[in-house]
Amino acid sequence: SALVPMFIHAQRTATPSLWNSTKTAFLCHNAVFQGRFEAEEGLAEVLGVPQEYIDSITFKMPLKVGKYNKKVACINSMAAGLRYSDRALTVSPTYARECAVDPEKGV
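Rules behind the numbers
- Residues numbered from 1 in each chain as written.
- Predicted model: local features only at pLDDT ≥ 70, side-chain atom pairs only at ≥ 80, totals over all residues.
- Heavy atoms only, no water.
- Patch = residues over 30% accessible without salt bridge, like charges linked within 9 Å, V, L, I, M, F, W, Y side chains within 5 Å.
- Areas by Shrake-Rupley, 256 points an atom, 1.4 Å probe, with all protein chains shown as cover.
- Salt bridge = Lys/Arg side-chain N within 4 Å of Asp/Glu carboxyl O.
- Helix = DSSP H or I, 4+ residues; strand = E, 2+ residues; numbered from the N terminus.
- Buried < 20%, exposed > 50% of the residue type's maximum accessible area, 1.4 Å probe, protein only.
- Core = buried A, V, L, I, M, F, W, Y, C linked by side-chain atoms within 4.5 Å.
- Contact = heavy atoms within 4.5 Å.
- Phe/Tyr/Trp six-rings, centres within 6.5 Å; stacked < 30°, edge-to-face > 60°.

1. Examining a nonpolar patch on the surface
On the surface, a nonpolar cluster with roughly 260 Å² of combined accessible area is contributed by Leu27, Leu89 and Val91. With respect to the helices and strands, the residue leucine 27 is situated in strand β1 (residues 25-28). By relative accessible area, which is 44% here, leucine 27 ends up partly exposed.

Here is the structure:
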C-alpha cells in the first residue's frame, strides 16, 4: 500500500483532473520493514509510472536494515509512501523523532 500515494501522484500529474480532490496519508508504524527490493530495469513500465518516480525511490542501501549488510541499488516502497503522500503519520511523536534521526532505520 506504500506505493499507492506514488501511483495517485503520477496520475494526478499526468491528468490534473484525476484524483484532484483525493488526499493520501501514509502511516509509518515499523520502519524496520521498509519494502526494499533490488532495482530492476523496466520497473517503471511494469508499474505504469514515469521513470522519474522510480528514480526518486531508488537508493544505494542494504536490502535489510543494518549497517553491515551489503549496499545495492534498491527500491524503497516506504520512501514512496513518505515522499508522495499528502500527510505522513507515525504511531507517536517519539517514534517520529526516532525515525527521523536514527540512521539504522534509513528513512
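2. Focus: the nonpolar core
Residues Met6, Val49, Tyr53, Ile54 and Ile57 are the most contacted members of the largest nonpolar core, which totals 13 residues. Mapped onto this core, the elements with two or more residues apiece are α1 (4-14), α2 (43-47), α3 (51-56) and α4 (77-84). Here this core gets three residues from one element, more than from any other, and that element is α4. The contacts of tyrosine 53, once residues within four sequence positions are left out, are Met6, His9, Ala10, Thr13 and Tyr84. Counting residues in each nonpolar core, the second largest holds seven residues, with Ala2, Phe26, Met78 and Tyr95 among its members.

3. Considerations on the environment of leucine 82
As for its placement among the helices and strands, leucine 82 is situated in helix α4. In this structure, the C-alpha to C-alpha distance between leucine 82 and serine 1, residues 81 residues apart in sequence, is 12 Å.

4. Structural notes on unusual backbone geometry
Although it is not a glycine, tryptophan 19 adopts a positive phi angle of roughly 60°. Tryptophan 19 gets classed as partly exposed once you look at its relative accessible area, which sits at 36%.

5. Remarks on the packing of aromatic side chains
Applying the stated criterion across every chain yields a total of one aromatic pair. Ring geometry for tyrosine 53 against tyrosine 84: centres 5.1 Å apart, planes inclined by 40°, an arrangement best described as tilted. With tyrosine 53 in helix α3 and tyrosine 84 in helix α4, this pair connects stretches of sequence that are 31 residues apart. The exposure class of tyrosine 84 is buried, given its relative accessible area of 13%.

6. Some thoughts on α4
The element α4 is extensively covered by neighbouring structure, given that six of its eight residues are classed as buried. Listed in full, the buried residues belonging to α4 are Ser77, Met78, Ala79, Ala80, Gly81 and Tyr84. On its buried face, α4 sits against α1, β1, α3, β3 (58-62) and β4 (71-76).

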